[in-house]
There are 2 protein chains.
Amino acid sequence: MSDRWVLGVDIGGTNLVVAAVPYAGGEIGALRTQPTQPERGAEASVNDIESMAEEVIAEASPEGGLDDFVGVGIGCPGPLDLDQGIILSTPNLGWDGYPIRGRVGEAVGLPASLDNDANCATYGEWWQGAARGLTSVVGVTLGTGIGGGLITEGHLVRGASGSAGEIGHMTIQVDGRQCGCGNLGCLEAYASGPNIALRAREGLDAGAESILSELVAGDLDRITAATVHEALTRGDRYAGEVIRETARYLGVGIANLVNLFNPEMVVVVGGVTRADRHLFDPLRSEVRKRAFASAVNACEIVAGALPQTAGVIGAAGIFLADSSH
Amino acid sequence: MSDRWVLGVDIGGTNLVVAAVPYAGGEIGALRTQPTQPERGAEASVNDIESMAEEVIAEASPEGGLDDFVGVGIGCPGPLDLDQGIILSTPNLGWDGYPIRGRVGEAVGLPASLDNDANCATYGEWWQGAARGLTSVVGVTLGTGIGGGLITEGHLVRGASGSAGEIGHMTIQVDGRQCGCGNLGCLEAYASGPNIALRAREGLDAGAESILSELVAGDLDRITAATVHEALTRGDRYAGEVIRETARYLGVGIANLVNLFNPEMVVVVGGVTRADRHLFDPLRSEVRKRAFASAVNACEIVAGALPQTAGVIGAAGIFLADSSH
């Protein structure tokens, strides 16, 4: 039986993930993950992807091998040139101007597609995860940065130059916090992982009582969003406040998305969603306060259902969607 | 020759417009406009629309009459129930729960479609105006309120409950000015007509020097956005400041739209656009400051090309689009 699988490749700043994704949906056939170590350069990672792909292909399809794979879908942090298949500049990888689509396609010996990581995660949640079967979906990815993807009528909105969905750089405060992009008051400047940690540190500097300092043995620079989450699980009140404040900012951004797109679902993806109701209760309440009731009532706001695999599944799904028309 | 025309009906808080729009695009065949006077009730306006339609039909098609019209497209302030063809609640008209689509269709004797005024204006500019031939367009309507419409791949994005495009209620300042919708910091609370006037009055109260007070014979409550525009054309420095500030807020909102949708064009429609370069120069510069360069470079920001007729043409175009699939 040929054409059973699509190879998915998810290139993150932290991890590489390669998986055999069934053409028709369903369980992943095989998956490998390993640290990216992007500082070794793009070629080293392409070699890693090649080895991981060989293992994944052998495991998922011991008889047919590569013949059972129709192609490879690649997801990667942007900005990308989707037409040319090139990474334009990626602060998290440092591989500027690299022709990732062609190089990965050659290395694994399959036709290849490319899209940015946030589009892949959104598409994965829509194709196989929390937003399955819906026609109008917004994905919000929370990590080092804040990204997003928009699906209307079952298609990703890519925009005039392939950069639609830049949710993180929505201004929510005209003269607000400085963002890494140079702008003031972006959502990302309040609610990305590093900015959650930064706000937590600022509060401690201002005298807040918390076990956070203890968790990092007094070295406040070591506080990350994960440390804040750990403090929260230990019942730390101040960590709870930081998460509530994060939820409020995310709620403002998501209310804007609900008013603009009137989606059936907003799927929130990323480590911060582990805070669960500590995040989602105040977030939903902020959205309800700010967005139109009819749009709020039409929209579920949920955590992604594929925490480790949305990106790799979505990358594979986008290959199928792109090659079917 | 049958099926040559579509009737367009644009129901505004101020004016009713009825026009014969050619099926294949091109010059309007006949147009009537008159004050809405919505306080007389919806039935009185439907009677007016019926009389105006008779005149328009007779003028555009003296021989074929109604037989040369395929249908009537209606545009109306929302929120609307698009499935049922009902006005849910319209602060500007006061006709709550009124079955506008059925009543106008019956009155003129044609199959009818309904959409909100901002979608109609956006669609009109896309079908026949400034955004003709593009696939990815955002329309921004500036008036008593701020509305919007989104076109991707040549289709209006309507969303899960028909309310997509609520651009005016995007939060741009978390704890900002009180908006009529109950929320804080909406774009509309800064840049709608009444809020431009309000900001102008606040500045005068705080001692700003301007000919504005003269223009309203000292009665500051009579200042409207049109008064600010008149002062601007007379070279009033303070009016220039008010418009620049308006442009800056609109620039923040439009930068968010450029980052989210990456459109080929943002078309700005409404009276405020008469300020021309006084509005658009600082607006474009704010967008360039805040949005991603690749998205900014891919996007033109222009005033609408159909200042009086975008709504009525778009309403007719939406009838054709809705009835063709």
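Residues numbered from 1 in each chain as written. Chains lettered and ligands numbered in written order. Predicted model: local features only at pLDDT ≥ 70, side-chain atom pairs only at ≥ 80, totals over all residues.

S.K.: How do you make sense of the overall build of chain A when you look at a structure like this?
M.R.: Looking only at helices and strands, one finds eleven helices and twelve strands in chain A. A compact globule built from 325 residues should have a C-alpha radius of gyration of about 20 Å, and chain A, at 20 Å, falls within 12% of that. Along the first, second and third principal axes, the C-alpha set of chain A runs to 60 × 50 × 35 Å. Buried residues in chain A amount to 56% of all 325 residues. (Helix = DSSP H or I, 4+ residues; strand = E, 2+ residues; numbered from the N terminus. Rg over C-alpha atoms; globule rule 2.2 N^0.38 Å. Buried ≥ 20, exposed ≤ 12 C-beta atoms within 10 Å, placed from the backbone.)

S.K.: What exactly am I supposed to notice about the sheet that holds strand E12 (residues 300–303) of chain B here?
M.R.: Strands pair in a sheet through their backbones, by hydrogen bonds, and they do so in one of two ways: parallel or antiparallel. Residues and elements named next belong to chain B. Read across the open sheet, the five strands follow the order E10-E9-E8-E11-E12; overall the sheet is mixed. Every other strand in the sheet has two partners, leaving strand E10 (155–156) and E12 as the edge strands with one partner each. Where strand E8 (residues 136–142) lies against strand E9 (residues 146–152), seven bridges are found, and the strand directions are antiparallel. Across the sheet, residue Leu142 finds its bridge partner in E9, namely Ile146. With respect to the sheet, helix H8 (residues 237–261) is in contact with E8, E9, strand E11 (265–269) and E12, its orientation differing from that of E8 by roughly 160°. (Pairing = 2+ DSSP bridges. Contact = placed C-beta atoms within 7 Å. Axes fitted to C-alpha atoms, helices over the stretch in contact; angles between N-to-C directions.)

S.K.: Got a minute to help me understand the confidence of the model for chain A in this structure?
M.R.: When pLDDT drops low, the exact placement of atoms in the prediction is not to be read closely. Taken over all residues, the pLDDT of chain A has a mean of 95, while the share at 70 or more is 99%. Overall fold confidence (pTM) sits at 0.94, and the ipTM for the predicted complex is 0.94. (pLDDT = per-residue confidence, 0-100.)

S.K.: Help me understand the packing of helix H5 (residues 193–205) of chain A against helix H8 (residues 237–261) of chain A in this model?
M.R.: When two helices pack together, their arrangement is given by the angle between the helix axes and by the axis-to-axis distance. Residues and elements named next belong to chain A. Packing of H5 against H8 leaves a shortest axis separation of 10 Å and a crossing angle of 135°. With respect to each other, H5 and H8 are oriented oblique. Helix-helix and strand crossings are classified by hand; for H5 and H8 the assignment is right-handed. Within the contact between the two elements, H5 uses Ile196, Arg199, Ala200 and Gly203 and H8 uses Tyr238, Val242, Glu245 and Thr246. (Parallel < 35°, antiparallel > 145°, perpendicular 65-115°, else oblique. Left-handed = near helix turned anticlockwise from the far one by under 90°.)

S.K.: Sorry, what's going on with helix H9 (residues 277–290) of chain A here?
M.R.: What sets the pattern is the α-helix's 3.6 residues per turn: residues three or four places apart point alike. Residue and element names in this part refer to chain A. Taking 1.5 Å per residue as the helical rise, H9 with its 14 residues ought to reach 20 Å, and the 19 Å between its terminal C-alpha atoms agrees with that figure. Among all positions of H9, only Leu279, Leu283, Arg284, Glu286, Val287 and Arg290 are buried. Along the axis of H9, the buried positions cluster into a sector of 160°, meaning they face one direction only. Next to the buried residues of H9 lie H8, helix H10 (293–297) and strand E12 (300–303). (Expected span 1.5 Å × (residues − 1). Arc of directions from axis to C-beta.)

S.K.: Is there a simple way to explain the environment of Gly41 of chain B in this structure?
M.R.: Residues and elements named next belong to chain B. Position of Gly41 among the secondary structure elements: in the loop between strand E3 (30–35) and helix H1 (42–60). For Gly41, a count of 14 C-beta atoms within 10 Å corresponds to the partly exposed category. The spatial distance from the C-alpha of Gly41 to the C-alpha of Leu93 is 8.4 Å, given a sequence separation of 52 residues.

S.K.: How do you make sense of the relation of the copies chain A and chain B when you look at a structure like this?
M.R.: Two chain copies, one operation linking them: a rotation about an axis together with a shift along it. With an RMSD of 0.0 Å, the fit of chain A onto chain B corresponds to turning through 180° and sliding 0.0 Å along the axis. Expressed as an axis order, the relation between the two copies is that of a two-fold axis. A share of 100% of the interface residues of chain A reappears at the interface of chain B, consistent with the copies meeting face to face through the same patch. (Least-squares fit on C-alpha atoms with pLDDT ≥ 70 in both.)

S.K.: I tried to follow the packing of helix H3 (residues 117–128) of chain A against helix H11 (residues 310–323) of chain A on my own but got confused; where do I start?
M.R.: Residues and elements named next belong to chain A. Running from amino to carboxyl end, H3 crosses H11 at an angle of 85°, the nearest separation of the two axes being 6 Å. Relative to H11, the element H3 lies roughly perpendicular. On H11, the residues that touch Asp117, Cys120, Ala121, Thr122, Tyr123, Gly124, Glu125, Trp127 and Gln128 of H3 are Ala310, Gly311, Ile313, Gly314, Ala315, Gly317 and Ile318. Classifying every residue of the contact of H3 with H11 by side-chain character gives eight nonpolar, six polar and two charged. (Nonpolar A, V, L, I, M, F, W, Y, C, P; charged D, E, K, R; others polar.)

S.K.: Explanation requested: the interface of chain A and chain B in the structure shown.
M.R.: One frequently used descriptor of interface size is the decrease in accessible area upon assembly of the parts. Each side of the interface is counted separately: chain A has 34 residues, and chain B has 34 residues. Mapped by element, the contributors of at least two residues to the side of chain A that touches chain B are H8 and H10 of chain A. Here the side of chain A that touches chain B is built from residues that sort into 17 nonpolar, 14 polar and three charged.

S.K.: Looking at this model, I keep getting lost on the environment of Ala206 of chain A. Mind explaining?
M.R.: Residue placement: Ala206 of chain A occurs in the loop between H5 and helix H6 (212–215). Considering only alpha carbons, one finds Ala206 of chain A and Ala321 of chain A, 115 residues apart in sequence, at a separation of 51 Å.

S.K.: Teacher, can you tell me more about unusual backbone geometry here?
M.R.: Most peptide bonds are trans, and most residues other than glycine sit at a negative phi. The amide bond that connects Gly78 of chain A to the next residue, Pro79 of chain A, takes the cis arrangement and shows omega of 0°. Relative to the assigned elements, Pro79 of chain A resides in the loop between strand E4 (69–76) and strand E5 (80–81). Here Gln37 of chain B, not a glycine, exhibits a phi torsion of approximately 45°, which is positive. Looking at the secondary structure, you find Gln37 of chain B in the loop between E3 and H1.

S.K.: Is there a simple way to think about the sheet that holds strand E7 (residues 112–116) of chain B in this case?
M.R.: Residue and element names in this part refer to chain B. Taken in spatial order, the five strands of this open sheet run E3-E2-E1-E4-E7, and their pairing is mixed. Both edges of this open sheet fall to E3 and E7, since each of them pairs with a single strand only. Between one strand and the next, the sheet's axes are offset by a mean angle of 15°, whatever the strand orientation. The sheet contacts of H1 involve strand E1 (5–11), strand E2 (15–22), E3 and strand E4 (69–76), and relative to E2 the element is tilted by about 30°. Set on the sheet, helix H2 (residues 100–108) makes contact with E1, E4 and E7; between it and E4 the angle comes to about 145°.

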